[in-house]
Amino acid sequence: MNEFIRVGITSIGSGVGQSIINSCNLSHLPLYTIGLGANPMAYGQYDCDTYDTLPSIYSLEYIDCLIAQCKKHKIDVLIPGLDDELLNISNNIDKFKEVG
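Residues numbered from 1 in each chain as written. Predicted model: local features only at pLDDT ≥ 70, side-chain atom pairs only at ≥ 80, totals over all residues. Heavy atoms only, no water.

**Brief notes about a nonpolar patch on the surface**
Together, Met-41, Tyr-43 and Tyr-46 line one region of the surface with nonpolar side chains, adding up to about 440 Å² of accessible area. Position of Tyr-43 relative to the elements: it lies in the loop between β2 (31–37) and β3 (50–53). Residue classification places Tyr-43 among the exposed positions, given a relative accessible area of 58%. (Patch = residues over 30% accessible without salt bridge, like charges linked within 9 Å, V, L, I, M, F, W, Y side chains within 5 Å. Areas by Shrake-Rupley, 256 points an atom, 1.4 Å probe, with all protein chains shown as cover. Salt bridge = Lys/Arg side-chain N within 4 Å of Asp/Glu carboxyl O. Helix = DSSP H or I, 4+ residues; strand = E, 2+ residues; numbered from the N terminus. Buried < 20%, exposed > 50% of the residue type's maximum accessible area, 1.4 Å probe, protein only.)

This is how it looks when you write it as structure tokens:
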């Protein structure tokens, strides 16, 4: 069993994304946070354990890039930071299920 739960948080430059990061950090749970977003200057990246980039959530490559980042960082739990993003992920849930 992993020592930490690896949590991917997307759209970390958004208000919701930042709130998710804050909640994770305040939880005192054994979490390792991976911030994901399109803005390389997003404030939220400095509150995560690590950070990586994604294309815009409206990009055609977004889902494939997100899945690649989940695999790269061995993310256990993915928390979307925007409603539009959640819709895109749910519409592509089969792709996520294929990779576990």
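**Observations regarding the side chain of Ser-14**
For Ser-14, the location among the structural elements is in the loop between β1 (5–10) and α1 (15–26). The class for Ser-14 is buried, based on a relative accessible area of 15%. For Ser-14, the residues in contact, after removing those within four places along its chain, are Gly-81 and Leu-82. (Contact = heavy atoms within 4.5 Å.)

**With respect to the packing of helix α2 (residues 62–72) against helix α3 (residues 83–91)**
α3 packs onto α2 with a crossing angle of 85° between their chain directions and a minimal axis gap of 10 Å. What the angle tells us is that α2 and α3 run roughly perpendicular. Residues Tyr-62, Ile-63 and Leu-66 of α2 pack against Glu-85, Asn-88 and Ile-89 of α3. Classifying every residue of the contact of α2 with α3 by side-chain character gives four nonpolar, one polar and one charged. (Axes fitted to C-alpha atoms, helices over the stretch in contact; angles between N-to-C directions. Parallel < 35°, antiparallel > 145°, perpendicular 65-115°, else oblique. Nonpolar A, V, L, I, M, F, W, Y, C, P; charged D, E, K, R; others polar.)

**Quick word on α2**
In an α-helix, one turn spans 3.6 residues; hence positions three or four apart end up facing the same way. Residues of α2 that are buried include every one of Tyr-62, Ile-63, Leu-66, Ile-67, Gln-69 and Cys-70, and no others. Angularly, the buried residues of α2 cover 160° about the axis, an arc narrow enough to put them on a single face. In α2, the exposed residues that point more than 90 degrees away from the buried face are Lys-71 and Lys-72. Taken together, the buried residues of α2 touch β1, β2, β3, β4 (77–79), α3 and α4 (93–99). (Arc of directions from axis to C-beta.)

**Description of the sheet that holds β3**
On the basis of which strands lie adjacent, the open sheet formed by four strands has the order β3-β2-β1-β4 and parallel pairing. In this open sheet, the two edge strands, each paired with only one partner strand, are β3 and β4. In this sheet, neighbouring strand axes are inclined to one another by 25° on average, regardless of whether the strands run parallel or antiparallel. The sheet contact formed by β1 and β2 spans six bridges and is parallel. Across the sheet, residue Val-7 finds its bridge partner in β2, namely Thr-33. Here α1 sits on the sheet in contact with β1, β2 and β4, set at roughly 160° to β1. (Pairing = 2+ DSSP bridges.)

On their own, these measurements won't tell you what the molecule is for.
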